[in-house]
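# Breakdown of the fold
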Amino acid sequence: MAWHLDWAGVLTGQPLQWVISGFLTTLYVTLAGSVLATVLTVALLALRLTPGKVGRGFVAAYVSLFRNTPLLVQLLFWYFAAYGVLPQTWRFYIGDVHPWAVLPVNVSWLTPEFLCATWGLGLFSAAFLLEEVQAGLNSVPAGQTEAALSQGFSRWALLRYVLLPQGLANAWQPITGQYLNLMKLSSLATGIGFSELTYQISRIESYNAHALEGFAVGTALYLLLGLVMGWLLVAFGPKRPREKKPWLLAVAKSHGGQNGV
Amino acid sequence: MQHPSSPTADSSAVFSSPLSTPSNVAVEFRQVSKSFGPHQVIHQVDLRVAAGEVVAVCGPSGSGKSTLIRLINHLETLSSGEILIHQQPTAGLSGKALRQLRTHIGFVFQQFNLYAHLDALDNVSLALSKVHGWKVEAARNKARELLERVGLADRAHHFPAQLSGGQQQRVAIARALVTDPSIILFDEPTSALDPEMIGEVLLVMQELAHSGITMIVVTHEMSFAREIADRVVFMDGGEILEQAEPEQFFTQPAHPRAQRFLQKVLFPLRSAQEQLIKKGDVDGVAP
C-alpha cells in the first residue's frame, strides 16, 4: 500500500474544528486538574505534618489507594458510580446549559464529563505530587531545621520559608514530570466520553478514516503542549541557588582568588 | 560547684567571674541530666554563667559538651533537672514561649547551617522579617550592619555555596546576632574549618567577647580558651570535672583527666608516642 497522506482531511473544515476544540479542552482540563492537584497536595501535606495519628493515617490510606489503582478505573468510578450519588437537583443543574460556564471555542466546564475528569485527574496526581514534595523535603539537611528552630521559627514558618523553598527546588524535575503526566493522562478521559483531544482525533478517524494523519496531528499537539508546559514550569519554578546565578559563582571565585578575606 | 539549694554568693566566689549576686546570672544549670534512650550523656550537672561572661567548654569527644549547650535553647530536651535563663525556669516551655526564649539565645553551629537557598544578606535578615514581623527593607538594613561588623559587607549577595567556610561561619555569627540576643552559644565553631580560616572566625568572636553578651563556647581551640575566655569548664563523661580561670587551667590543671586531656591537645605527637611506648611495655613488645 502506498503512502498517500491527505492532511486536508484533518486540517480543514469540520475535522479542524474538532481538533481545535479537543486541543483546548485538553488544555483546560490540564489547567483545572493541576490547580486541584496542587491544592490537594498542600492540604494533604498539612494534614500529614499535623501532630496526631489520624491525619497521617488518612494520608497514608489516600496515597496507597490512588497510587495503586488504575486511573481509568478511577475515572470510570467517578463518572458512572460517584456522580450518580450526587443530589438530583445538582445533576439537573450541571446538565443544563450555562452560557457563563462556556470557555472559548464553545467548551463548557460545567458538564459531568469535565468535572469528573478534573476531579479524577486531580485526586490521582495529588497522591504522586505529595510523595515527590515529601522526597524533596526529606532531602533538606537536618541542620537547616535546627538553625531555623534556634532562631525561634514556628513549625509553619520553618516549612514555608526554609524547608519548602529548598525541598521544592530539589524535587522540581519530578514535580514537573508529574504535571506533564497529568496532561498526558487526560487522554484516558476519552473513556468517560470526555471530548478532549484523543476523543476528537478518534472521531475524525471514524468520520473520514484519516487515522494516520489524525493521530500524527494529535501526537504533535500533545508534544507541543508538553514542551511548552515543561519549559514554563522549569523557567518559572523554584531554582537552587547555583542554577539561579551561575555568573555570580564565577565572579565570586575570581574575586575570592584575588583577595581571600 | 554550687548546690541548687544554696544559690548564695560564697559558693561561686571561687571563680573570679562576677557571680556575686544571683540577679546577674544569665544561665544556671541545676542538677541537669540528659539521656538518649538508655545512654546517659549528662550527669547531674550544676553550672552558673554570669551575664556578660565568656565561658569555654572543653573536653574529649563524646564528653557531652555539645549536648550541654543544646539543652540551653531546647534543641535537646532535658531528662531531669532545671535550666534557668535570667532566673526564669525553662523546662516546661513550649510553643510561643519557647520560640520567644530562643530568640534571646543565638546559636552558632559547627557546620554553619546557613540557609542554602538564600544569599548572605537574607540569611541574616530572614528571622527578623519572618519571625519578628520587620519590614523586609528594615531587616536587610540591620543585616547589612551586621555583615559589615563581621567584615563581609561585600559578600552580601553571595550564596552559602559561594562562600568559604570561614566566611560562612562569620555570616552565621551575624545571623545569630540579628535578634540582639543576650546569650550566644557556639558549638565547636571552628572545628569544620580549614586551619587558615580559623583565625578570621576567632577574631570576630574576640570582638564579640566582653561586649556585654554572654558567650558559652564549646571549643577545641585552646588559643580561644586561653586568651579570650574568662573561665574554662572541663567536661568528661557527662560531668563537669574542673572549672578554673584559663591561666590556672592551662598551667596547673587539678583533675588527672584534665591533665591527660591537656597533654593530648597541647602535645598531640608526644603524648601519642608515650602512649605507644606504655602499650608496648604492657604487651611485651619493644617500642
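What you are looking at is a predicted structure, and each value in this text was computed from that prediction instead of being measured.

### So, the overall build of chain A
Secondary structure assignment for chain A yields 13 helices and two strands. C-alpha atoms of chain A, sized along the principal axes, occupy 75 × 50 × 40 Å. Relative to its 261 residues, chain A shows a buried fraction of 44%. Expressed as a percentage of contacts within chain A between residues at least 6 apart in sequence, the contacts between residues at least 24 apart total 76%.

### Points about the overall build of chain B
Helices and strands together make up the secondary structure of chain B, namely 11 helices and 10 strands. Split into buried and exposed, the 287 residues of chain B put 53% on the buried side. Across chain B, every contact between residues at least 6 apart in sequence was considered, and the portion connecting residues at least 24 apart equals 67%. Counting only carbon and sulfur atoms, one obtains 52% of the accessible surface of chain B, whose full area is about 12,500 Å².

### A look at the packing of aromatic side chains
Residues and elements named next belong to chain A. A full pass over the atoms with the stated rule returns 13 aromatic pairs over all chains. Arranged with centres 4.5 Å apart and planes meeting at 35°, the rings of Y62 and F66 form a pair that is tilted. Separated by four residues within a single helix, Y62 and F66 lie in helix α3 (residues 53-67), roughly one turn from each other. Taking 6.0 Å as the distance between ring centres and 65° as the angle between the ring planes, the aromatic pair formed by W100 and W109 counts as edge-to-face. A relative accessible area of 54% means that W100 is categorised as exposed. Using a relative accessible area of 31% as the deciding quantity, one classes W109 as partly exposed.

### Regarding the pairing of strand β7 (residues 183-187) of chain B
Residue and element names in this part refer to chain B. With five of five residues buried, β7 is to be regarded as a mostly interior element. Residues I183, L185 and D187 point to one face of β7 and I184 and F186 to the other, with burial holding for every one of them. When strand β6 (residues 105-108) meets β7, the two strands line up parallel, connected through four bridges. Its bridge partner lying in β7, G106 is registered against I184. As judged from the five bridges shared by β7 and strand β8 (residues 214-218), these two strands associate in the parallel manner. Directly across from F186, in β8, lies its bridge partner V217. A crossover connection joins β7 to the parallel β8 through helix α7 (residues 195-208); in handedness this β-α-β unit is right-handed.

### Comments concerning the domain arrangement of chain B
All names here are of chain B. When cut into domains, chain B gives domain 1 (19-95 + 214-254) and domain 2 (257-287). Using only C-alpha atoms to locate each centre, domain 1 and domain 2 end up separated by 29 Å. Contacts between the two partners involve 12 residues from domain 1, matched on the other side by seven residues from domain 2. Carbon and sulfur atoms supply 76% of the area buried between domain 1 and domain 2, which totals about 860 Å² over both sides. Per-residue buried area on domain 1 facing domain 2 is highest for M222, F234 and P253; these three make up 44% of the total on that side. At the surface where domain 1 touches domain 2, the tally comes to one salt bridge. Between D236 and R257 there is a salt bridge, with the nearest N and O atoms lying 3.3 Å from each other.

### Some words on the interface of chain B and chain A
Between chain B and chain A, the contact holds 30 residues from the first and 26 residues from the second. Together chain B and chain A conceal approximately 2,600 Å² of surface at their shared face, both sides included; 57% is due to carbon and sulfur atoms. Of all residues in chain B, the largest losses of buried area upon contact with chain A belong to Y115, H117 and Q162 of chain B, amounting jointly to 23% of the total for that side. Linking chain B with chain A are one salt bridge. The salt bridge involving R70 of chain B is made with E146 of chain A; its shortest N-O contact spans 2.5 Å. Linking chain B with chain A are nine residue pairs in polar contact (both at pLDDT 80 or more), by the criterion used here. Elements supplying a minimum of two residues to the side of chain B that touches chain A: α3 (95-103), β6, α4 (120-130) and α6 (165-177) of chain B. Tallied by class, residues from the side of chain B that touches chain A come to 13 nonpolar, nine polar and eight charged.

### Side note on the pattern of salt bridges
With the rule as written, the count across this model stands at 13 salt bridges over all chains. Put simply, R48 of chain B and E28 of chain B hold a salt bridge, and the shortest N to O gap is 3.7 Å. With a gap of 20 residues between them, R48 of chain B in strand β2 (residues 39-50) and E28 of chain B in strand β1 (residues 25-36) connect regions that are remote in the sequence. Comparing R48 of chain B with E28 of chain B shows no difference in burial state: the two are buried. In the salt-bridge network here, residues are joined through shared partners; they are E146 of chain A together with R70 and E76 of chain B.

### Some words on the sheet that holds strand β5 (residues 88-89) of chain B
Within a sheet, neighbouring strands are paired by backbone hydrogen bonds and run either parallel or antiparallel to one another. Residues and elements named next belong to chain B. Taken together, the four strands give an open sheet; going across it, the order is β2-β1-β4-β5, and neighbouring strands pair in antiparallel fashion. Here the strands that pair on one side only, and so sit at the sheet edges, are β2 and β5. Where helix α2 (residues 65-72) meets the sheet, it contacts β1, β2 and β4 (80-85), and its direction lies at approximately 120° from that of β1.

### Describing α2 of chain B
Residues and elements named next belong to chain B. Counted residue by residue, α2 has seven buried out of eight residues, so it is predominantly covered. Inspection of α2 places K65, T67, L68, I69, R70, L71 and I72 among the buried residues, and these make up the whole buried set. Of the residues trailing α2, H74 is marked for its positive phi of about 65°.

### Concerning the sheet that holds β6 of chain B
Residue and element names in this part refer to chain B. Pairing in this open sheet of six strands is mixed, and the strands run β6-β7-β8-β3-β9-β10 from one edge to the other. On the outer flanks of this sheet lie β6 and β10 (239-244), each paired with one strand and no other. Averaged over all pairs of adjacent strands, the angle between strand axes in this sheet comes to 20°, irrespective of strand direction. In the sheet, strand β3 (residues 54-58) pairs with strand β9 (residues 231-236) via four bridges, with the strands oriented parallel. From the neighbouring strand, V55 faces β9, where its bridge partner is R231.

Quick notes on the rules
Residues numbered from 1 in each chain as written. Chains lettered and ligands numbered in written order. Predicted model: local features only at pLDDT ≥ 70, side-chain atom pairs only at ≥ 80, totals over all residues. Heavy atoms only, no water. Helix = DSSP H or I, 4+ residues; strand = E, 2+ residues; numbered from the N terminus. Buried < 20%, exposed > 50% of the residue type's maximum accessible area, 1.4 Å probe, protein only. Contact = heavy atoms within 4.5 Å. Areas by Shrake-Rupley, 256 points an atom, 1.4 Å probe, with all protein chains shown as cover. Phe/Tyr/Trp six-rings, centres within 6.5 Å; stacked < 30°, edge-to-face > 60°. Pairing = 2+ DSSP bridges. Right-handed = clockwise from strand over helix to strand, strands pointing away. Domains from an automatic or database assignment. Buried area = accessible area lost by both parts, 1.4 Å probe. Salt bridge = Lys/Arg side-chain N within 4 Å of Asp/Glu carboxyl O. Polar contact = N/O pair within 3.5 Å; in protein donor to acceptor, adjacent residues only side chain to side chain. Nonpolar A, V, L, I, M, F, W, Y, C, P; charged D, E, K, R; others polar. Axes fitted to C-alpha atoms, helices over the stretch in contact; angles between N-to-C directions.

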